[in-house]
Each structure stands twice: as C-alpha cells, then as structure tokens.
Amino acid sequence: FCRNLFTRKQSARFEKQNDVGWKLFGKVPLRENSQKDPKKIQKEYEEKTGRGHRPLSPKQNVRKNLDFEPLSTTALILEDRPANLPAKPAEEAQKHRQQYEEMVVQAKKRELKEAQKRRKQLEERCKLEDSIGNAVLTWNNEILPNWETMCCSRKVRELWWQGIPPSVRGKVWSLAIGNELNITHELFDICLARAKEKWRSLSTGGAEVECEDAGFSAADREASLELIKLDISRTFPNLCIFQQGGPYHDTLHSILGAYTCYRPDVGYVQGMSFIAAVLILNLDTADAFIAFSNLLNKPCQMAFFRVDHGLMLTYFAAFEVFFEENLPKLFAHFKKNNLTPDIYLIDWIFTLYSKSLPLDLACRVWDVFCRDGEEFLFRTALGILKLFEDILTKMDFIHIAQFLTKLPEDLPSEEFFASIAAIQMQSRNKKWAQV
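Procedures and definitions
- Residues numbered from 1 in each chain as written.
- Predicted model: local features only at pLDDT ≥ 70, side-chain atom pairs only at ≥ 80, totals over all residues.
- Heavy atoms only, no water.
- Helix = DSSP H or I, 4+ residues; strand = E, 2+ residues; numbered from the N terminus.
- Buried < 20%, exposed > 50% of the residue type's maximum accessible area, 1.4 Å probe, protein only.
- Contact = heavy atoms within 4.5 Å.
- Areas by Shrake-Rupley, 256 points an atom, 1.4 Å probe, with all protein chains shown as cover.
- Salt bridge = Lys/Arg side-chain N within 4 Å of Asp/Glu carboxyl O.
- Core = buried A, V, L, I, M, F, W, Y, C linked by side-chain atoms within 4.5 Å.
- Axes fitted to C-alpha atoms, helices over the stretch in contact; angles between N-to-C directions.
- Parallel < 35°, antiparallel > 145°, perpendicular 65-115°, else oblique.
- Nonpolar A, V, L, I, M, F, W, Y, C, P; charged D, E, K, R; others polar.
- Phe/Tyr/Trp six-rings, centres within 6.5 Å; stacked < 30°, edge-to-face > 60°.
- pLDDT = per-residue confidence, 0-100.
- Expected span 1.5 Å × (residues − 1).
- Polar contact = N/O pair within 3.5 Å; in protein donor to acceptor, adjacent residues only side chain to side chain.

## Looking at the overall build of the protein
Along its length, the protein carries 23 helices and two strands. Here the protein holds 435 residues, and the buried ones make up 38% of them. For the protein, long-range pairs separated by at least 24 residues make up 68% of all intrachain contacts whose partners lie at least 6 apart in sequence. For the protein, the computed accessible surface area is about 27,000 Å², with 54% contributed by carbon and sulfur atoms.

## Describing the pattern of salt bridges
One pass over the structure, following the stated rule, counts eleven salt bridges. A salt bridge links Glu142 to Lys155, with the shortest nitrogen-to-oxygen separation between them at 3.1 Å. Taken together, the residues span a long stretch of sequence, with Glu142 in helix 5 (residues 90–143) and Lys155 in helix 7 (residues 154–161) at a distance of 13 residues. The exposure class of Glu142 is partly exposed, given its relative accessible area of 34%. Note on Lys155: relative accessible area 48%, which makes it partly exposed. Asp265 is the partner of Arg306 in a salt bridge, and the nearest nitrogen-oxygen pair spans 3.6 Å.

## Examining the nonpolar core
Counting 102 residues, the largest nonpolar core has Trp139 and Leu385 as the members making the most contacts within it. In this structure, Trp139 is in contact with Leu144, Pro145, Trp147, Val156, Leu159, Trp160, Ile164, Pro165, Val168 and Val172, ignoring residues within four places of it in sequence.

## What to know about the packing of helix 19 (residues 359–372) against helix 20 (residues 374–387)
Axis separation between helix 19 and helix 20 bottoms out at 6 Å; the angle between their running directions is 135°. It follows from the interaxial angle that helix 19 and helix 20 lie oblique. Residues Val365, Val368, Phe369 and Asp372 of helix 19 touch helix 20, and the partners they reach there are Glu374, Glu375, Phe376, Leu377 and Thr380. Within the contact of helix 19 with helix 20, the residues separate by chemical class into five nonpolar, one polar and three charged.

## Re the packing of aromatic side chains
Evaluation of the coordinates by the stated rule reveals 30 aromatic pairs. With a centroid separation of 4.6 Å and an interplanar angle of 25°, the aromatic rings of Phe378 and Trp432 are classed as stacked. With Phe378 in helix 20 and Trp432 in the segment after strand 2 (430–431), this pair connects stretches of sequence that are 54 residues apart. For the pair formed by Phe378 and Trp432, the shared burial category is buried. Aromatic pair Phe416 and Phe417: ring centres 5.6 Å apart, planes at 85°, arrangement edge-to-face. The burial state of Phe416 is the same as that of Phe417; both residues are buried.

## Here we look at the confidence of the model for the protein
Per-residue pLDDT for the protein has a mean of 83; in total, 77% of the residues score no lower than 70. A low-confidence stretch, residues 20–34 (pLDDT under 50), is modelled with 13 contacts involving residues beyond four sequence positions or located in other chains.

## Things to note about the environment of Asn182
Tracing the sequence through the fold places Asn182 in the loop between helix 8 (166–177) and helix 9 (185–203). Of the residues examined, Asn182 reaches a relative accessible area of 60% and is grouped as exposed. For the pair Asn182 and Asn294, spaced 112 residues apart in the sequence, the C-alpha separation amounts to 9.0 Å.

## Considering unusual backbone geometry
Phi at Leu352 is positive, roughly 50°, even though this residue is not glycine. Secondary-structure assignment places Leu352 in the loop between helix 18 (342–351) and helix 19. Overall, the relative accessible area of 0% leaves Leu352 in the buried class.

## With respect to helix 20
For helix 20, spanning 14 residues, the distance from its first C-alpha to its last is 20 Å, which sits close to the expected 20 Å at 1.5 Å a residue. Summarising burial for helix 20: ten of the 14 residues are buried, a large majority. Inspection of helix 20 places Phe376, Leu377, Phe378, Arg379, Thr380, Ala381, Leu382, Gly383, Ile384 and Leu385 among the buried residues, and these make up the whole buried set.

## Regarding the side chain of Arg371
Examined against the element boundaries, Arg371 turns out to sit in helix 19. In terms of polar contacts, Arg371 uses its side chain to reach the side chain of Asp372, at 2.7 Å. Apart from residues no more than four positions distant in its own chain, Arg371 is found in contact with Arg157, Trp160 and Trp161.

What follows is the structure, given as structure tokens:
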C-alpha cells in the first residue's frame, strides 16, 4: 500500500512539473499532443518564435558543438557571423583577414623590439657591474693603500670623474675632506652627551634653558636643537629612513645635535640635515660627524651657513663672471628678467645639490666636489644652466625660478656630466680662485 501510494505521488509530481515546463516554453503538455507528428510540433514552434530553419554551414556546425563563444579579435575577424545575422560578404571577410594578419605582424614587431630593448638594458647593466667591480679592485688595491702619492695622479682623477663605487665612496670622501679640526670619536661622544642633556632640559619646561641661553650672543644657536626635529622629517621623505621610526632617524638627530653643541656660533641651519644624511648613508656615525664638521668648516660652506653677506656676494659675483663667459645668451636673458644668482644658488650650495638632484646623481657631484673643492659646486650650477639653456631662454622670471627650484627627476647622468665638462672655469687667463 505504501509503495503504491509513493508511486502515485511521484507520478502526480512528474505530471505537474511537466505541465509547468511546457508552459514555460509556450507549448501544451506532451500528453495532450501525444498523437501529433513531431515535425508538425517543430513547425508550430518555429512559426510561434519566428525562427525559421535553414541548413548550417560546416563552421557553424562545429561552433554549435562548442560550449563557449570565442571572445578574441581572431573570432571577430575570422569567424562567420551568427546564424541569425546576414553572412559576411567575401570582400569584407578578405579585408578582415588581411587586417588580422597585419595586427599579428605589428604585434610580433613590438615583441621583438621590446626583447631587443631588454637585451640591450641587460648588456648595459652587466657592463656597468663589471666596470664597477674593476673600479672597486683598483680603488682598494692600488689607490687607497697609496693615497698620498696617487690621489693627485691623472689616472686617479679620471677614475674619480667617472664616479666612485658606493662600497669605497665613504673611505674616499673621508680622506678627501680630511680632518683639519682633529675631531676624535671621543669628542663626538662628548658633544652628543651635551646635546642629549640639552634636549632633556628643553623637554622639562625650558625656564632654566631660557636663563642659560640668555647669556649667549645671538650667534649662539644651541637653542635650535628643537628645530632639528622639524627638518629631519623633511629630509629625503621618499626614502622613509630618516623620519620618525626609520632606521637612521636617531643617527641623523644625533649628528645634527652634536654639531650644534660643537659649533654653537653656527648652530643648526636648514640644509644641514641633507648634508648629514648623505654622509650617514656612506659612513659610520662618528666618521660621518667628523666629515660633516670638517666639510662645513670649508670657506664656502662657512660663508653660507654663517650668512656672511659680504663673502656670499663675492661668490655670486665670481659666479656671474663665468656665467657670462660660458653662457652669454642665457646670462643676458637672466639679466633682462632681473634673475640674480642668489635665487637658485643658495639652495644648491646649502644642500650641496643633495636636495635638488636625484640622490645617485648628487653623490656623483659630491665625488668630484671632494676632488676639486668649492669650484666644482659653481661649475655644476653652470652645467645645469647649460643643460637646460634652450628651455630657460623661453621662460619668464617666475617660471625660471620655479624650474631651477624643482629640477626634473629624470636627469640623464651622462648628459648631465657632459654638460658640466663643457664648462670652462677660466676667464681672461684667471682661474676660479683668482677671480
């Protein structure tokens, strides 16, 4: 009884589903049409839906059996149209086939060109790595052990111009800058301890500090220790290594703080953080402080950082002599627009180009600066003006100032140094120092 009841229920459910299914397709149930011819049923369906039956081409028969429709440009060009659309004319089909073949040829050419470009870049990179490796061996085995006798030789100067390998750059800079101030690691520790004590005093209220600082002259800028924190966050922000929490934040803070205690008459001046940061990237902390202190003690840097207006004007006047000598057309354009050297030179000299140029290019400028001294700083400035002479001569005062303040980031190093090499630092048989 149960089995018969279950069978009847299943049969009724099937019939109900069958009725629903046929209604969805717009047909009467099969049981009511069981006596009709299947061909008549097909004909009635085609008349009702408006789809006429016509024989399919071999390609359409093949495509009918596919589970998907191709979506590529090949399908759009080479495949026949769907059955419900008019067939392609033979001329159109041939035109599409030719277009597709042309696209394939162009794609292959692009791939070949990109492959050649990658191969060339790889060859240049390998060549550069080989030259750097050979230069490292030369510096370590020949030049550094015999520094005093070889540093001024023609071979070393030419190798110097090509750029010092990063692995030996710190050693060469230390030797080239020297240590005329005879600063020791112990002196650095003493200055750093004093700076930390000063920071603690500033953080506890500052009443005593104000009284203590009141006795110093205006040139005494130990109170500028607090200002260092503000500038550290602006130093190479893209690197994210000198900012709060970065690996070199405390190191940079320590060197700048120690220097303000070592030279309270100079104190901290904006731009120093970039110089110290470049040295930190190439030297240990104490050695970076020694190089930093001796570097700022050079006549040109001391004139700018102590804001010696008379000496700064002397440097600007000497620069204009060589500017007019090398780039007379641009010099006249700058004069016409009342663009004086201080507008762009101060920022370049204060940071030794480390803020204005890409870091790798700035380090190469530092390389030759350590070799040639302050003269190369002004020669580099003229090289920049020469490189962009055609652009600058078409600008007015505002656009020139904006351009020179923010130089392009994609400067090609070889063109840049070729432009510097073309500058003659001699005017009327007088060299830079004589002028």
